[in-house]
Amino acid sequence: MEERNELYPVFLKVNKLNILVVGGGQVGHEKLHFLFKSSPNANVEIVAKWFLPETEELAKKHGAKLTKGRYRRKYLKNRHFVVAATNDAKLNKRVYKHAKKRYLLANIADTPELCDFYMGGIVNKGHVKIAISTNGKSPTAAKRLRQFFEEVIPEDVNQMVENLNEYRSTIKGDFEAKVEQMNSITESLKVKNKSDD
């Protein structure tokens with residue numbers, strides 16, 4: 001039987017969650033960069049013995065808290081999820097074990113078996129956001145797919161979404177009637193394939 005991606009995609013309101021990132025080096029910086037690229041107001045604290053200057057800059061720009069020092073279990077208190085992105089595999093594994101004891105979601109960089117979630121490729125066009133996952137198999141493929149979708153999705157898609165939202169607010173009737181009308185008006189967005197002819 002063919003292996004399938006069983007991940008369930010969700011869109012988190014990370015400005016309302018408490019996130020801990022452990023690691024101030026290149027990997028930590030990349031995780032932070034993509035988190036803020038998608039969600040500029042994410043609520044993040046970064047703990048590390050040292051930070052890259054560009055990480056310090058990024059944290060300052062987005063109002064993230066930098067805590068200089070060794071990781072301690074106490075940093076997991078009142079968190080919703082944690083990202084461990086150090087170059088110390090033992091430390092990363094310790095963060096994971098501490099997170100599991102507290103029922104926290106954890107992402108351990110470059111260690112898919114120690115990840116409760118992946119931080120996939122993201123395409124962002126205003127209100128439209130598409131997340132791409134390769135089930136942890138190939139971040140490079142996710143990156144290429146992201147670039148592809150960024151090119152093919154029209155820039156005015158956000159205006160279309162705004163217009164549909166305004167129209168939706170004018171529709172009368174119950175939920176089912178509204179869904180039916182919205183389905184009818186957006187029917188032309190479906191791509192016809194040859195088997196539909």
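Relevant structure appears above.
Residues numbered from 1 in each chain as written. Predicted model: local features only at pLDDT ≥ 70, side-chain atom pairs only at ≥ 80, totals over all residues. Heavy atoms only, no water.

J.: Give me the packing of aromatic side chains: which residues, what numbers.
T.: Two descriptors summarise a pair of aromatic rings, namely the distance from one centre to the other and the angle between the planes of the rings. With the rule as written, the count across this model stands at two aromatic pairs. Here the aromatic rings of F81 and F117 are separated by 5.1 Å at their centres, their planes lie at 75 degrees, and the arrangement is edge-to-face. Of the two residues, F81 sits in strand 4 (residues 81-84) while F117 sits in the loop between strand 5 (105-108) and strand 6 (121-125), which places them 36 residues apart along the sequence. Assigned by exposure class, F81 and F117 land together as buried. Their ring planes at 65 degrees and their centres at 5.4 Å tell us that F148 and F149 sit as a pair that is edge-to-face. Relative accessible area serves as the criterion here: at 45%, F148 is assigned to the partly exposed category. The aromatic ring of Y75 is capped on one face by K74, whose charged end is 5.6 Å from the ring centroid. (Phe/Tyr/Trp six-rings, centres within 6.5 Å; stacked < 30°, edge-to-face > 60°. Helix = DSSP H or I, 4+ residues; strand = E, 2+ residues; numbered from the N terminus. Buried < 20%, exposed > 50% of the residue type's maximum accessible area, 1.4 Å probe, protein only. Lys NZ or Arg CZ within 6 Å of the ring centre and 35° of its normal.)

J.: Which residues make up the sheet that holds strand 5, and what values go with them?
T.: Strand order in the open sheet made by the five strands is 3-2-1-4-5, with parallel pairing throughout. The open sheet has two edge strands, strand 3 (65-68) and strand 5, and neither has a second partner. If you compare each strand with its neighbour and ignore which way they point, the axes differ by 15 degrees on average. Docked against the sheet, helix 1 (residues 26-38) engages strand 1 (19-22), strand 2 (44-48), strand 4 and strand 5, running at close to 175 degrees with respect to strand 2. (Pairing = 2+ DSSP bridges. Axes fitted to C-alpha atoms, helices over the stretch in contact; angles between N-to-C directions. Contact = heavy atoms within 4.5 Å.)

J.: Kindly report on the nonpolar core, identifying the contributing residues and their values.
T.: Within the largest apolar cluster, 18 residues are counted, with the highest numbers of intra-cluster contacts made by V44 and I46. Those elements that place two or more of their residues in this core are strand 1, helix 1, strand 2, helix 2 (53-62) and strand 4. Every residue in contact with I46, bar those within four places of it in the chain, is listed here: V21, G23, L32, F51, A59, A64, K65, L66 and T67. Of all hydrophobic cores here, the second largest spans 16 residues; its members include Y71, L76, A84 and L91. (Core = buried A, V, L, I, M, F, W, Y, C linked by side-chain atoms within 4.5 Å.)

J.: Explain unusual backbone geometry to me, using residue names and the numbers behind them.
T.: The phi torsion at N78 lies on the positive side, around 60 degrees, for a residue other than glycine. Assignment of secondary structure puts N78 in the loop between strand 3 and strand 4. Its relative accessible area of 60% is what places N78 among the exposed residues. A positive phi angle is found at D110, which is not glycine, with a value near 55 degrees.

J.: Lay out helix 1 in plain terms, naming residues and giving numbers.
T.: For helix 1, spanning 13 residues, the distance from its first C-alpha to its last is 18 Å, which sits close to the expected 18 Å at 1.5 Å a residue. Within helix 1 the residues assigned to the buried category are G28, H29, K31, L32, L35, F36 and S38. (Expected span 1.5 Å × (residues − 1).)

J.: How would you explain the pattern of salt bridges if you had to name every residue and give the values?
T.: Oppositely charged side chains can form a pair if their charged atoms are brought close together. What the rule picks out here adds up to five salt bridges. For K137, the salt bridge is made with E3, and the minimal N-O distance between the two is 3.6 Å. Of the two residues, K137 sits in the loop between strand 7 (128-132) and helix 4 (139-152) while E3 sits in the segment before strand 1, which places them 134 residues apart along the sequence. Overall, E3 belongs to the exposed group, its relative accessible area being 58%. Between R146 and E150 there is a salt bridge; the shortest N-O distance is 3.3 Å. With R146 and E150 both in helix 4 and four residues apart, the pair spans about one turn of that helix. (Salt bridge = Lys/Arg side-chain N within 4 Å of Asp/Glu carboxyl O.)

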